[in-house]
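Topology and contacts: notes
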Amino acid sequence: MTPRRRRMVLVGLIVVGVGAAVAFALNAFQENLLYFYSTSDVVSGKAPVDRTIRIGGMVTQGSVQREPGSLEVRFVLTDYAKDVTVSYSGVLPDLFREGQGVVARGKLVGDNLFVAEEVLAKHDEKYMPPEVADSLKQQHAGQKPSDVPLPSTAATN
Amino acid sequence: MIAELGQFALVLAFCLCLPQAFFGLVGAHKGKVQWMQAARPAVAGQFVFTLLSFGCLAYAFYVNDFSVLYVASNSNSELPTFYRFAAVWGAHEGSLLLWLLVTATWSVALAAFSKQLPLAFSSRVFGVLGIVSAGFALFILTTSNPFERLIPAAADGRDLNPLLQDFGLAVHPPILYIGWLGFAIPFAFAVAALLEGRLDVAWARWVRPWTTLAWAFLTVGIALGSWWAYYELGWGGWWFWDPVENASFMPWLLGTALIHSLAVTEKRGLFRSWTVLLAISAFSLALLGGFLVRSGVLVSVHAFASDPNRGLFILGFLLLCIGGSLGLYAWRAPSFKSDAGFAMVSRESFLLLNNVMLVAAAGLILVGTLYPLFLEALDMGRISVGPPYFATVFVIPMLPLVFLLAVGMHASWKRARLENVKVPLLIALAVAAVVGIAFPWAAYGTPGIMTVLGMVAGLWVIASSLIEPVSRLKGGHSLSPSVLGMSIAHLGLGLFVIGVTGVESYKIERDLGLKPGESANVAGYDFRFDSARDLRGPNFDAVEAEVTVLKDGETVTVLHPQKRVYRVQTNPMSEAGIDAGIGRDLFVALGEPLGEDAWSMRLQFKPLVRFIWGGCLVMAFGGLLATTDRRYRARATQAATVPASGAAASV
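Residues numbered from 1 in each chain as written. Chains lettered and ligands numbered in written order. Predicted model: local features only at pLDDT ≥ 70, side-chain atom pairs only at ≥ 80, totals over all residues. Heavy atoms only, no water.

**Regarding the overall build of chain B**
The cut-off we apply is this: Under the DSSP-based scheme used, a helix requires at least four consecutive residues in state H or I and a strand at least two consecutive residues in state E, with every element numbered from the N terminus. Radius of gyration means the value over C-alpha atoms here, while the globule rule gives 2.2 Å times the residue count to the 0.38 power. When a residue's accessible area, from a 1.4 Å probe over protein chains only, is under 20% of the maximum for its type it is buried; when over 50% it is exposed; and in between it is partly exposed. In what follows, residue pairs with any heavy atoms lying within 4.5 Å of each other are defined as contacts. Only the protein chains shown count as cover for residues, and the accessible areas themselves come from Shrake-Rupley with a 1.4 Å probe.
Check the secondary structure of chain B and you find 19 helices and 11 strands. Taking 651 residues into account, the globule formula puts the C-alpha radius of gyration at 26 Å, and chain B, at 26 Å, falls close to it. Along the first, second and third principal axes, the C-alpha atoms of chain B reach 80 × 75 × 55 Å. Within chain B, buried positions represent 59% of all 651 residues. Counting contacts in chain B only where the partners sit at least 6 residues apart, residues at least 24 apart contribute 75% of the total. Surface exposure of chain B reaches about 24600 Å², of which carbon and sulfur atoms provide 67%.

This is the structure we're talking about:
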């Protein structure tokens with residue numbers, strides 16, 4: 001091969017390699033976009049079923065149920081307008097408790113039941129996941145702020 | 001009184017940044033020697049007052065002065081003394097003061113060790129650093145004053161976030177900041193070179209040790225953060241592709257590209273404008289990371305507060321620094337043309353590929369980190385990009401890079417004749433292939449294709465990095481710190497790759513509920529839950545479980561995971577029980593009581609996880625060693641000569 005042709009081959013290989021890499025990257029990007037929905041979105045049917053999404057809200061007081069000795073746990077998430085039941089099997093994060101804002105990642109399996117693969121609560125009692133705070137604000141745009149225990153988004157960590 | 005003294009010192013430090021910037025830049029522009037000479041003392045003064053200010057804040061913490069708002073918010077009289085000191089950077093305001101102190105320390109170190117630099121050039125460097133410091137100081141004074149008084153004083157403090165009451169996290173931020181802000185030095189050098197319109201081989205030689213030093217600190221800082229997340233966040237992961245982790249990692253990738261492109265600039269005078277662009281980008285990304293973290297745009301464990309004023313200030317400062325330096329780059333960089341050529345197979349080509357891949361990885365991570373922010377800003381919904389995206393786009397360019405590295409280390413400048421090393425390299429590859437398949441198979445079970453690729457890549461790099469030091473020592477030749485440092489750093493990378501491959505291929509994580517006396521089997525180890533008891537710590541109450549780990553009926557270790565509740569902030573916290581070993585970690589985190597004396601637990605088996613942080617430390621050590629090379633201390637006049645031959649392959 002002449003040096004010229006060799007260079008052409010090399011350039012061609014690089015183009016193919018970069019193309020393949022970009023295709024992989026775009027594919028990975030597409031597959032890993034996680035959309036966030038509020039509990040009202042879920043109830044009104046805006047959230048897709050059987051696709052990994054994230055939902056967020058407050059854990060309703062008194063809603064956490066557990067069979068003694070079992071890891072299976074169920075709780076109700078709310079944005080003070082609509083409720084969604086979440087089921088989860090595993091160790092809950094340290095700061096998970098009733099009345100706290102949490103985000104759950106998992107799939108909606110219909111009938112307002114959400115099966116979570118992961119539950120996130122942040123490490124501060126004042127913390128509210130921003131998505132949850134937003135969706136709460138939207139729910140209560142018409143009301144006086146004092147009606148709703150709107151936690152501040154300030155000061156995590 | 002102390003708080004006011006601290007604030008006054010801070011104001012003085014800010015005031016000294018201004019003449020440092022003005023006399024440094026304008027003095028050099030006008031060629032006024034006396035003005036230029038004023039820059040260095042200004043640096044020293046700025047450092048002294050920043051240190052004094054920082055010392056005052058630390059003292060306020062030490063004596064529990066709860067009339068200072070920041071102390072009252074982040075400390076408590078029960079807090080152990082060591083953490084009282086670490087609490088200084090436990091939240092936003094103190095962290096920024098530490099930023100300023102770190103920047104000042106780099107500046108003063110540069111002032112002390114840069115006597116050989118031409119006066120005009122060094123004063124420009126100090127001028128640029130003065131602008132950076134002034135920006136930080138103004139930011140603290142206007143939006144985040146740590147000395148604000150609380151009247152009336154609090155009876156006791158609200159305590160440090162329990163997550164931060166830990167040795168790893170006490171030392172992680174300072175070391176990370178040292179690395180992060182260390183990139184201000186190559187940035188200042190790059191801007192000074194653009195202002196001067198001159199960038200020669202000597203320039204690259206001056207800036208190289210500083211860049212490598214900053215890079216080494218950043219490496220250790222990131223590794224410490226990863227280690228802390230592993231044992232303290234309790235869930236045994238070592239990297240989460242959290243936006244804030246990405247913010248520290250992108251400058252590292254660009255910094256790594258920069259130290260390699262600087263090698264080409266120093267040895268061959270090539271890639272000059274590219275090197276300058278990298279130096280600007282690395283620091284810009286560090287600042288962008290600061291913006292993302294401190295403005296609260298990104299919310300994660302690390303984000304301190306969301307205050308729009310702070311965000312606006314940082315955004316403005318960012319635009320000034322990045323916009324200004326890039327504008328200057330667009331104007332001046334075309335004059336940095338390189339005329340020397342190099343063959344297709346040469347060290348230059350390999351380093352070019354290195355740069356392309358590192359920058360591509362950083363770019364793809366940047367896209368994943370910023371894309372949700374853009375969508376949100378455009379009101380197109382809230383999304384997040386899942387960790388598998390980052391893992392994929394990171395591995396695509398990095399795995400080939402590791403293979404290329406094994407060969408590229410031995411390529412010489414201009415035109416590489418790889419025939420000399422062909423045989424040892426192939427032997428190394430064969431050994432790596434055999435060990436890379438046999439070892440994981442024997443130790444942990446059937447390996448997948450990625451496991452084999454990772455193991456072989458890591459082992460090959462390790463073997464390849466040993467070829468040159470061994471052959472030089474055998475031949476009775478001397479081994480310069482540069483070559484040895486490079487070899488060690490690459491060896492560290494190989495260890496890191498092996499660690500990542502081992503953990504990601506063979507980790508086992510199981511969540512389950514256990515009652516006292518019950519046991520569960522994970523990876524051939526029986527974890528027996530013996531008992532749980534109450535425990536009282538200095539500032540927390542805890543439940544401590546005793547878990548005995550047995551293998552084939554014999555006790556391997558007894559672990560004591562805890563669930564703590566800190567008395568002031570009343571947050572529960574898991575303290576994992578870990579048995580660390582070279583081959584594997586055994587890990588137990590205590591969840592919550594499930595009723596009937598049962599507890600939920602997460603049991604984990606983490607093979608080779610220590611190689612990850614060990615590899616990073618070895619990498620950083622290699623970097624440190626390389627900075628001690630004698631040629632960096634040679635006089636500037638000698639340094640200015642371009643090495644003519646391309647044969648010497650030391651980087």
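**Examining helix α18 (residues 610-627) of chain B**
Residue and element names in this part refer to chain B. Short version of the rule: One fewer than the residue count of a helix, multiplied by 1.5 Å, yields its expected span.
Compared with an ideal rise of 1.5 Å per residue, which puts 18 residues at 26 Å, α18 spans 26 Å between its outermost C-alpha atoms and is within 8% of the ideal. Taken as a whole, α18 has its buried residues at Ile 612, Trp 613, Gly 615, Cys 616, Met 619, Ala 620, Gly 622, Gly 623, Ala 626 and Thr 627. Where α18 is buried, its residues meet α9 (201-232), α10 (243-268) and α17 (481-506).

**As for the nonpolar core**
All names here are of chain B. Stated precisely, the cut-off is as follows: Here, nonpolar core refers to any group of buried Ala, Val, Leu, Ile, Met, Phe, Trp, Tyr and Cys residues whose side-chain atoms link them within 4.5 Å.
The biggest cluster of nonpolar side chains holds 173 residues, and the ones touching the most others in it are Phe 121, Phe 189, Trp 203, Phe 249, Leu 253 and Val 276. At 16 residues, α9 tops the list of elements feeding residues into this core. Look past the residues within four positions of Trp 203 in its chain and what remains in contact with it is Phe 121, Phe 189, Ala 190, Ala 193, Leu 262, Thr 275 and Val 276.

**So, the domain arrangement of chain B**
How big an interface is tends to be stated in terms of the accessible area lost upon association of its parts. Residue and element names in this part refer to chain B. Cut-off, in case you're wondering: For the domains described, the bounds stem from an automatic or database domain assignment. Each of two parts loses accessible area, computed with a 1.4 Å probe, when they are put together; buried area is these two losses added. When a carboxyl oxygen of Asp or Glu lies within 4 Å of a side-chain nitrogen of Lys or Arg, that pair is called a salt bridge.
The domains assigned to chain B are domain 1 (1-165), domain 2 (189-415), domain 3 (418-506 + 613-618) and domain 4 (511-607). One C-alpha centre belongs to domain 1, the other to domain 2; they are set 26 Å apart. Domain 1 puts 30 residues into the contact, and the matching count from domain 2 is 25 residues. Of all residues in domain 1, Trp 106, Phe 121 and Leu 163 bury the most surface against domain 2, accounting for 25% of the area lost on that side. In this structure, the connection of domain 1 to domain 2 is made through 1 salt bridge. For the side of domain 1 that touches domain 2, the secondary-structure elements that each account for two or more residues are α5 (92-112) and α6 (119-143).

**Digging into the packing of α6 of chain B against helix α8 (residues 184-196) of chain B**
Residue and element names in this part refer to chain B. For the record, the criterion: Axes here mean lines fitted to C-alpha atoms, for a helix over just the part in contact, with angles spanning 0 to 180 degrees between N-to-C directions. Angle categories are assigned with fixed cut-offs, so that under 35 degrees is roughly parallel, over 145 is roughly antiparallel, 65 to 115 is roughly perpendicular, and the rest are oblique. A clockwise turn of the near helix away from the far one marks a right-handed crossing, whereas an anticlockwise turn of less than a right angle marks a left-handed crossing. Under this grouping Gly is polar, as are all residues other than the nonpolar Ala, Val, Leu, Ile, Met, Phe, Trp, Tyr, Cys and Pro and the charged Asp, Glu, Lys and Arg.
Put simply, α6 and α8 touch, their axes get as near as 8 Å, and they point 125 degrees apart. Considering the angle they form, α6 stands oblique to α8. The two elements α6 and α8 cross, and the hand of that crossing is right-handed. For the pair formed by α6 and α8, the contact residues are Ala 120, Phe 121, Arg 124, Val 125, Val 128, Leu 129 and Val 132 on the first element and Ala 184, Phe 187, Ala 188, Phe 189, Val 191, Ala 192, Ala 193, Leu 195 and Glu 196 on the second. Across the contact of α6 with α8, the residue classes tally to 14 nonpolar, no polar and 2 charged.

**Side note on the environment of Gly 386 of chain B**
Its location among the elements puts Gly 386 of chain B in the loop between β1 (383-385) and α14 (387-408). The class for Gly 386 of chain B is buried, based on a relative accessible area of 4%. For the pair formed by Gly 386 of chain B and Gly 537 of chain B, sequence separation is 151 residues and the distance between their alpha carbons is 38 Å. Contacts of Gly 386 of chain B, omitting those with residues within four sequence positions, involve Asn 32 and Leu 34 of chain A.

**Some remarks on the side chain of Asn 246 of chain B**
Within the fold, Asn 246 of chain B resides in helix α10. Taking relative accessible area as the criterion, Asn 246 of chain B reaches 0% and is therefore assigned buried.

**Digging into the sheet that holds strand β11 (residues 598-607) of chain B**
Residue and element names in this part refer to chain B. The condition is simple: Whether two strands pair depends on DSSP finding at least two bridges between them.
With antiparallel pairing, 4 strands are arranged side by side in an open sheet as β2-β11-β10-β9. With partners counted over all chains shown, the strands left at the sheet margins are β2 (508-514) and β9 (577-579), one partner each. When strand polarity is set aside, the average angle formed by the axes of neighbouring strands in this sheet is 20 degrees. Pairing geometry for strand β10 (residues 584-595) and β11, over 9 bridges, is antiparallel. Residue pairing in the sheet places Phe 587 in a bridge with Gln 604 of β11.

**Here's the deal with the pairing of strand β8 (residues 572-575) of chain B**
Residue and element names in this part refer to chain B. Every second residue of β8 is oriented toward a common face, with Pro 572 and Ser 574 on one face and Met 573 and Glu 575 on the other, all of them buried. The pairing of strand β7 (residues 562-566) with β8 spans 4 bridges and is classified as antiparallel. What sits directly across from Val 565, in β8, is Pro 572.

**Description of the packing of aromatic side chains**
All names here are of chain B. Our working rule: Stacked, edge-to-face and tilted are the three classes for Phe, Tyr and Trp ring pairs, Trp counted by its six-membered ring, which pair at centre distances within 6.5 Å; planes under 30 degrees apart are stacked, over 60 edge-to-face, the rest tilted.
For the coordinates displayed, the defined rule picks out 41 aromatic pairs over all chains. Aromatic side chains Phe 85 and Trp 89 sit 5.6 Å apart centroid to centroid with 80 degrees between the ring planes, which places their arrangement in the edge-to-face category. Exposure remark for Phe 85: the relative accessible area of 41% places this residue in the partly exposed category. Between the aromatic rings of Tyr 230 and Trp 613, the centroid separation amounts to 5.0 Å while the plane-to-plane angle is 55 degrees, which identifies the pairing as tilted.

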